[in-house]
Amino acid sequence: MSKSVHPLRKYTRGHISRTTTCPGCGIGTISQAVLRAIDELELNMDDFIFVSGIGCSAWIPSPFYAADTLHTTHGRPIAYATGVKLGLPDAHVMVISGDGDLTAIGGNHLIHAARRNIDLTVVLVNNGIYGMTGGQTAPTTPRGLATVTSPYGNMEHAFDISPLAAVAGAAYAARWTTAHPRRLTRAIKKGLRKKGFALIEAVSQCPVQYGKAGKLGKAVDMLKYFRQNSVTVKKARALAPDALADKIVVGEFADIEKAELTEQYRELKRKMKGRP
Ligand SMILES: Cc1ncc(C[n+]2csc(CCOP(=O)(O)OP(=O)(O)O)c2C)c(N)n1
Ligand code: SF4
Ligand SMILES: [Mg+2]
């Protein structure tokens with residue numbers, strides 16, 4: 001009997017058969033959405049450079065994807081990716097990393113890359129916590145949640161990442177959850193086709209660290225929560241702020257055309273050629 005092979009297996013390094021993720025983690029769904037987007041667009045992994053920081057989510061591309069991968073320092077993947085994109089403007093440069101990595105220590109890189117509108121596709125895994133290091137409060141942790149670093153409940157207000165990227169100047173910003181894998185895939189495809197800075201926020205379950213803090217139960221309960229509490233951007237516009245307090249607003253927050261940095265840089269180099 002022939003052994004069936006997962007259709008996306010060809011995009012991963014064949015000799016790696018185990019992952020670092022806990023059972024029920026949303027990372028697998030997000031990884032599949034990324035690879036499915038690449039597959040459906042018929043893109044070539046040889047044209048990609050994947051860049052990640054440090055955290056559970058940063059393990060998505062590295063070492064699994066059969067492509068060039070840069071597993072960088074905590075908070076800095078967008079800075080590395082900016083350098084890669086300026087050096088290799090024709091490459092697809094994709095950053096995949098966590099909410100802590102990209103909005104806490106790496107928050108400045110995120111907003112400035114959006115402001116510059118550099119052609120990167122950023123898949124930001126938002127599990128609302130520092131997963132890999134034991135469940136500390138992140139800038140995305142909901143107010144009131146008791147974590148190992150906020151045992152009496154988090155007093156801070158959480159970042160609303162996709163609208164933040166949109167007002168910072170991103171050409172594309174969208175949010176979906178692991179309970180919406182097809183729409184997440186479509187958003188990644190759109191981000192990959194967009195000439196400019198594209199942020200795709202994937203709200204994800206961390207049943208281990210967030211699970212123990214959030215009392216949301218197991219992975220399946222968290223997925224049900226995502227589905228039951230998601231409202232589209234369009235519906236959210238008609239709701240009062242109080243009604244939105246516990247909701248996850250999903251959909252597109254930016255989809256615009258604007259001058260992109262590496263194109264402008266290329267044009268400048270062309271103009272300056274031969275000049276003293
Ligand atoms: C400069 C520096 N500060 C702190 C750390 C410790 N650290 C590693 S990963 C991480 C948080 C990861 O959280 P997130 O980016 O949300 O990823 P997740 O594990 O939740 O997917 C922290 C604080 C580090 N490695 N380097
Ligand atoms: S700690 Fe959380 S985010 Fe990290 S692999 Fe486990 S379930 Fe996933
Ligand atoms: Mg996290």
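Just above sits the structure.
Since we're looking at a predicted model, the values are computed, not measured.

**Q** Talk me through the nonpolar core; I want residue IDs and the actual numbers.
**A** Here is a general trend for soluble globular proteins: nonpolar side chains tend to be buried in one another's company. If you look at the biggest cluster of nonpolar residues, it comprises 37 residues, and the most contacted ones within it are Val34, Phe50, Tyr65 and Ile188. Breaking this core down by element, the ones donating at least two residues are α1 (27-40), β1 (48-52), β3 (92-98), β4 (121-126), β5 (172-177), α6 (181-193), β6 (198-203) and β8 (248-255). It is α1 that contributes the most residues to this core, 7 residues altogether. Once you skip the residues sitting within four places of it in the chain, Ile188 turns out to touch Ala33, Val34, Ala37, Met94, Val123 and Ile200. Counting 23 residues, the second-largest nonpolar core is a separate cluster that includes Val51, Ile78, Ala170 and Leu199.

**Q** Explain the site of ligand 1 to me, and be specific about the residues and the numbers.
**A** Contacts to ligand 1 come from 16 residues, most closely from Cys56, Ser57, Asp99, Asp101 and Gly131. At 2.8 Å, a backbone N or O of Cys56 approaches an oxygen atom of ligand 1. Take Ile129: an N or O atom from its main chain is 3.1 Å from an oxygen atom of ligand 1. Counting residues per element, the shell around ligand 1 draws most heavily on helix α3 (residues 99-105), at 4 residues.

**Q** Would you mind going over unusual backbone geometry in detail, with residue names and values included?
**A** In this structure, Pro63 follows Ser62 across a cis peptide bond, with omega equal to 10°. Along the polypeptide, Pro63 turns up in the loop between β1 and β2 (68-71). Look at Glu42: it is not a glycine, yet its phi comes out positive at around 55°. Tracing the chain through its elements places Glu42 in the loop between α1 and β1. Backbone geometry places Asn117, a non-glycine residue, at a positive phi of 55°. Looking at the secondary structure, you find Asn117 in the loop between α4 (107-116) and β4.

**Q** For the side chain of Asn127, give the residues involved together with the corresponding values.
**A** Mapping Asn127 onto the fold places it in the loop between β4 and α5 (161-168). Given a relative accessible area of 11%, Asn127 falls into the buried group. When near neighbours in sequence (up to four residues on either side) are disregarded, Asn127 contacts Ser57, Asp99, Ser204, Cys206 and Tyr210.

**Q** Explain the pattern of salt bridges to me, using residue names and the numbers behind them.
**A** In total, this model carries 13 salt bridges according to the counting rule given. The partner of Glu40 in a salt bridge is Lys189, with the nearest N and O atoms 2.8 Å apart. Placement of the pair is Glu40 in helix α1 and Lys189 in helix α6, with a sequence separation of 149 residues. According to the relative accessible area criterion, Lys189 is buried, its value standing at 17%. The partner of Asp119 in a salt bridge is Lys195, and the shortest N-O contact between them spans 3.0 Å. In this pair, Asp119 is assigned in the loop between α4 and β4 and Lys195 in the loop between α6 and β6, connecting sequence segments 76 residues apart. For Lys195, a relative accessible area of 32% translates into the label partly exposed. Salt bridges sharing partners connect three or more residues here, namely Lys190, Lys194, Glu252, Asp255 and Glu257.

Conventions we followed
- Along each chain, the written sequence defines residue order, and numbers are assigned to residues from 1.
- Written order decides the labels, with chains lettered from A and ligands numbered from 1.
- Restriction of local features to residues with pLDDT of at least 70 applies here, the model being predicted, together with a cutoff of 80 or more for giving and counting side-chain atom pairs; totals for whole chains, interfaces and linings are based on all residues.
- The basis for every side-chain value is the complete set of non-hydrogen atoms in the structure, without hydrogens or water.
- Put simply, a nonpolar core is a bunch of buried Ala, Val, Leu, Ile, Met, Phe, Trp, Tyr and Cys residues held in one set by side-chain atoms that sit within 4.5 Å of each other.
- The rule is simple: take the accessible area with a 1.4 Å probe, protein chains only, and divide by the maximum for that residue type; under 20% is buried, over 50% is exposed, in between is partly exposed.
- Working definition: helices are DSSP H or I runs of at least four residues, strands are E runs of at least two. Numbering for both runs from the N terminus.
- Residues count as neighbours in contact if any of their non-hydrogen atoms are within 4.5 Å of one another.
- The criterion for a residue being near a molecule or strand is simple. One of its heavy atoms has to lie within 4 Å of it.
- Pairs of N or O atoms are called polar contacts if they sit within 3.5 Å, as long as, within protein, a hydrogen donor faces a hydrogen acceptor (for residues adjacent in sequence, only side-chain-to-side-chain pairs).
- By definition here, a salt bridge exists when the distance from a side-chain nitrogen of Lys or Arg to a carboxyl oxygen of Asp or Glu is within 4 Å.

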